[in-house]
Amino acid sequence: MGILRAVSPWALVFVLGGLLSFVVVALGGGLLEEKAVFGVKESTAARRYILSLLQNEPETLIALSPRSDVVSRAVQYAQAKEAEGQITPMSLTYIGGRTAGSLNVHIYAIEIRAANGQRQFFPLALTLIEGKVVRRE
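Moving on: the overall build of the protein chain. Counting its regular elements, the protein chain contains four helices and four strands. The order of helices and strands in the protein chain, counted from the N terminus, is α-α-α-α-β-β-β-β. Expressed as a percentage of the 137 residues in the protein chain, the buried residues total 20%. Sequence-distant contacts, at least 24 apart, represent 42% of the contacts inside the protein chain between residues at least 6 apart. Carbon together with sulfur atoms contributes 62% to the accessible area of the protein chain, which is approximately 9,900 Å² in total.

Positive phi, normally seen in glycine, also occurs at Glu 130, with a value near 50 degrees. Tracing the chain through its elements places Glu 130 in the loop between strand E3 (119–129) and strand E4 (132–136).

The pairing of E3 with E4 spans four bridges and is antiparallel. Residue pairing across strands places Ile 129 opposite Lys 132, the latter belonging to E4. The turn linking E3 back onto E4 is made up of two residues, and Glu 130 within it adopts a positive phi angle of 50 degrees.

Reading the values: rules and limits
Residues numbered from 1 in each chain as written. Predicted model: local features only at pLDDT ≥ 70, side-chain atom pairs only at ≥ 80, totals over all residues. Heavy atoms only, no water. Helix = DSSP H or I, 4+ residues; strand = E, 2+ residues; numbered from the N terminus. Buried < 20%, exposed > 50% of the residue type's maximum accessible area, 1.4 Å probe, protein only. Contact = heavy atoms within 4.5 Å. Areas by Shrake-Rupley, 256 points an atom, 1.4 Å probe, with all protein chains shown as cover. Pairing = 2+ DSSP bridges.

Listed below in structure tokens is the structure:
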């Protein structure tokens, strides 16, 4: 009985410490994620570009690309019309990215289904400078 009385305050301290730790980690983890302390958040411009690419929206693609000549824009419209209905996006996953000043690189994994029913999975990297997509690989 004497051992139980000696252990009971310490047990209470450990239980309260465990509960407090849980609360701190739960709140702190959310804040760290929100502030992107350990990584780079996905760029909204990159997300809009990739969704426009998958949904075949040439106007948005042109708006998120650096200024180009009329011929380049016409070629982009023609390619969009040609590709219309040939692929169906199945999934889009943001892998990660890096930022150095105004330069951003974001990597995605995309799964599509072609018109013949074949499924393909491929990575796509976008390079952005000041919110404009300058390279797509």
